[in-house]
Amino acid sequence: MSSEDKTIFTRPEAMTDVITHYCPGCTHGVIHRLVAEAIDSLGVREITVGVAPVGCSVLAYNYFNTDFLEAPHGRAPALATGFKRLRPDMIVFTYQGDGDLISIGMSEIVHAANRGEKFTTIFVNNAIYGMTGGQMAPTTLQGQITTTCPAGRDLENTGYPIKMVELLSGLMTPMYLERVSVHSPQHIIKTKRAIKRAFEYQIENTCFSLIEILSTCPTNWGRTPEESTVWLEENMLPYYPLGCFREPEKEKD
Amino acid sequence: MAKVLMKGNEAIAEAALKAGANNYFCYPITPQTEVAEYLAKRMPEVGGVFLQGESELAVANMIFGASTTGKRVFTTSSSPGISLMQEAISYMAGAQLPVVIVNIMRGGPGLGGILPAQSDYFQATKGGGHGDYRILVLAPSTIQEAVDLMMLSFHLADKYRNPVMMIGDGMIGQMMEPVEFPKHYEEPELPPKDWAITGAKNRKPFVIKSLFLDPQALEDNSWLLHAKYQEMKKNEVRFENYKINDDNQTLLIAYGTMARICQTAIDRLEDENISVGLFRPITLFPFPEKQIYNEVIKKNIKNILVVEMSTGQMFEDVERVVRGKKKLIFYGRTGGIVPSPEEVIEQVKKIIGKKIKKKA
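Only a predicted model underlies this, so the values are computations on that prediction, with no experimental measurement involved.

Thoughts on the overall build of chain B
Then, number 1: Within chain B one finds 12 helices and 15 strands.
Then, number 2: Taken over C-alpha atoms, the radius of gyration comes to 21 Å for chain B, in line with the 21 Å a tight globule of 360 residues would show.
Then, number 3: If one aligns the C-alpha atoms of chain B with their principal axes, the spans along those axes are about 75 × 50 × 40 Å.
Then, number 4: Looking at chain B as a whole, 51% of its 360 residues qualify as buried.
Then, number 5: When contacts within chain B are restricted to residue pairs at least 6 apart in sequence, those whose partners lie at least 24 apart make up 81%.

Considering the interface of chain A and chain B
Then, number 1: Contacts between the two partners involve 29 residues from chain A and, on the opposite side, 30 residues from chain B.
Then, number 2: Mapped onto the side of chain A that touches chain B, the elements with two or more residues apiece are strand 1 (48–52), strand 2 (67–70), helix 2 (76–86) and helix 4 (106–115) of chain A.
Then, number 3: At 8 residues, the largest contribution of residues to the side of chain A that touches chain B is made by helix 2 of chain A.
Then, number 4: Looking at the side of chain A that touches chain B, its residues break down into 14 nonpolar, 7 polar and 8 charged.
Then, number 5: When strand 2 of chain A meets strand 9 (residues 207–208) of chain B, the two strands line up parallel, connected through 2 bridges.

Concerning the pairing of strand 1 of chain A
Residue and element names in this part refer to chain A.
Then, number 1: Of all 5 residues in strand 1, 5 are buried, a share of seventy percent or more.
Then, number 2: Of the two faces of strand 1, both are covered, the one formed by Thr-48, Gly-50 and Ala-52 as well as the one formed by Val-49 and Val-51.
Then, number 3: Two elements, strand 1 and strand 3 (residues 91–97), share 4 bridges in a ladder whose sense is parallel. Each bridged residue has a counterpart across the sheet, and for Thr-48 the counterpart in strand 3 is Ile-91.
Then, number 4: Pairing analysis gives 4 bridges linking strand 1 to strand 2, with the strands arranged parallel. Paired with Gly-50 across the two strands is Phe-68, which belongs to strand 2.

Brief notes about the sheet that holds strand 14 (residues 303–308) of chain B
Residues and elements named next belong to chain B.
Then, number 1: The strand order 10-12-11-14-15 describes an open sheet built from 5 strands, whose pairing is mixed. Looking along the sheet, the strands with just one partner apiece sit at the ends: strand 10 (239–242) and strand 15 (329–332). The average undirected angle you get between the axes of adjacent strands in this sheet is 20°.
Then, number 2: In this structure, strand 11 (residues 250–253) lies alongside strand 12 (residues 276–281), joined through 4 bridges in parallel fashion.

Regarding the nonpolar core
Then, number 1: Counting residues in hydrophobic clusters, the biggest one holds 182 residues, and the most contacted among them are Ile-122 of chain A together with Ile-63, Val-137, Met-150, Leu-252 and Cys-262 of chain B.
Then, number 2: The element best represented in this core is helix 6 (residues 143–160) of chain B, accounting for 11 residues.
Then, number 3: When residues of this core are sorted by domain, at least three fall in each of domain 1 (4–235) and domain 2 (239–352) of chain B.
Then, number 4: Aside from chain neighbours lying at most four places away, what touches Val-137 of chain B is Ala-124, Thr-125, Met-165, Ile-167, Thr-283, Leu-284 and Phe-285 of chain B.

Describing the domain arrangement of chain B
Residues and elements named next belong to chain B.
Then, number 1: Taken domain by domain, chain B consists of domain 1 (4–235) and domain 2 (239–352).
Then, number 2: Computed over C-alpha atoms only, the centres of domain 1 and domain 2 are separated by 28 Å.
Then, number 3: The interface is formed by 27 residues belonging to domain 1 together with 22 residues belonging to domain 2.
Then, number 4: Listing elements by their share of the side of domain 1 that touches domain 2, those giving two or more residues are helix 5 (121–125), strand 6 (136–138), strand 7 (164–169), helix 7 (170–174) and helix 8 (215–235).
Then, number 5: Across the side of domain 1 that touches domain 2, the residue classes break down as 15 nonpolar, 8 polar and 4 charged.

Section: the sheet that holds strand 13 (residues 283–285) of chain B
Residue and element names in this part refer to chain B.
Then, number 1: Ordered by their spatial adjacency, 7 strands build an open sheet running 3-2-4-5-7-6-13, and the pairing between neighbours is mixed. Each edge of the open sheet carries a strand with a single partner, namely strand 3 (49–52) and strand 13. Going from strand to strand, the sheet's axes swing by 20° on average, the running direction of each strand aside.
Then, number 2: With 4 bridges joining them, strand 4 (residues 73–77) and strand 5 (residues 100–105) adopt parallel strand pairing. By the bridge assignment, Thr-75 is partnered in strand 5 with Ile-101.
Then, number 3: Contacts from helix 2 (residues 33–46) reach strand 2 (23–26), strand 3 and strand 4 within the one sheet, and its direction differs from that of strand 3 by about 140°.

Conventions adopted
Residues numbered from 1 in each chain as written. Chains lettered and ligands numbered in written order. Predicted model: local features only at pLDDT ≥ 70, side-chain atom pairs only at ≥ 80, totals over all residues. Helix = DSSP H or I, 4+ residues; strand = E, 2+ residues; numbered from the N terminus. Rg over C-alpha atoms; globule rule 2.2 N^0.38 Å. Buried ≥ 20, exposed ≤ 12 C-beta atoms within 10 Å, placed from the backbone. Contact = placed C-beta atoms within 7 Å. Nonpolar A, V, L, I, M, F, W, Y, C, P; charged D, E, K, R; others polar. Pairing = 2+ DSSP bridges. Axes fitted to C-alpha atoms, helices over the stretch in contact; angles between N-to-C directions. Core = buried A, V, L, I, M, F, W, Y, C linked by C-beta atoms within 7 Å. Domains from an automatic or database assignment.

Quick look at the structure:
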């Protein structure tokens, strides 16, 4: 490499040199990278512990170059609470899918957020259960076909898809909540910014933070990766509006 | 230190602090809530962590997360709450985490009642959650012993990197007795907690998990745990004999509060020249297998009565140990009913064929 050459793209230090098990076109890899970049840019890799969920990202601990815990299904916020209360000097994040976070783990996340636990939740919403092979999730859209709603999700029978950041927004406790998406480069950049901000709020010991990231599941949606990004844009964005829902700084005014 | 009069639940809480366990997560449930109330006041004084969680499910997972720091953590609950904790207990056993859980047992099944019972013996000693695992189970019969065993629980948890459960019935939690705390809790040296999550600084990342997708790795982990349980069986069996001698024709086997009631019965029977001994397991896992067998097969022992505040749970372990060598008789009350010494005396007399004196 000559002195004029400049490295513009490398593996983040917070990621391991391991090939992931994710399906082609899955956006977990992108999101992992964004989380790792945030950790690197804030210089906290050596004091960070992640909490892996049960779901497609159950093996996240293989891909992050940080300490990690593997939680029971839905309980990552409880583990994170226990850890962070004893080690407030460390940086703690949970990485959870829609089934893990808001189906089986709804109680744990709502109460952790309400207590204002100073950790960060990366919530990946792809509107389906991925690891078990495409079952209905709390975020599955109306009419969306899954293996457990083969005729399409029927709201009469199963209720409406849960809007998580809106639901948490109803809590009085100060917190940072933002919904972003990774279906286009522009949105990936916005997602990166939001994740970094979430970690900053934790480092400053300000508040609980949760970033909901709209994500694709080409395998279980039965679409190509490219079709999946279009499907996300046309179907998920209208129902799950992007943007910052709660931010402590704004609330001070 | 001088003796102080304390309620069982409060004494258990103070004992944990003495053992350096300054991190406590809880959810209210009768009859153990006083532990939480006591620590809500005491924890700020010692600069520890006190947190009331949203459910026992969450609390058990909080101690799971907290224990990975390498610091001493614990929770207390009662039967229905302990059922909710089984998920995390299985994970913590699989991931080899040292935590202490106290079960101040009440009557079940289901919501049951709030009065003392010993009906969680199976749950505590046979695993409780899913998978091939065991936890150490200690059963005090006095408040002083609850204090001593509570401190010991933290030591054993660290020694074996395993969950430890102390089970006392509601009586142990609610009763008041004079107790003595050591000025400084002294314990044998423990291995360093070089597995704790402290951040991947100058070392490779640590992962604490119970997931082994490769069946060989999972089998290896299961045999590793099994070997640890064998070590516990070798080193940690604890029990107490009461008035066991060659004149005994009858042997009682009981633990916890029930053992104490049996002692009173034995004292009164002695006044009537009826010689009865008591074998009291202190560790329920590991179970004093050889020790019970050796007492039971003694030639002078004609009658063996197992007494429990359940419909017969430890009884099955005694049966297993005795292997049909002698006839075993069971007496139990449950649902929150605590047998009186008179009831035990009546049972003993019935067995040995003595007429029961009618009260004047």
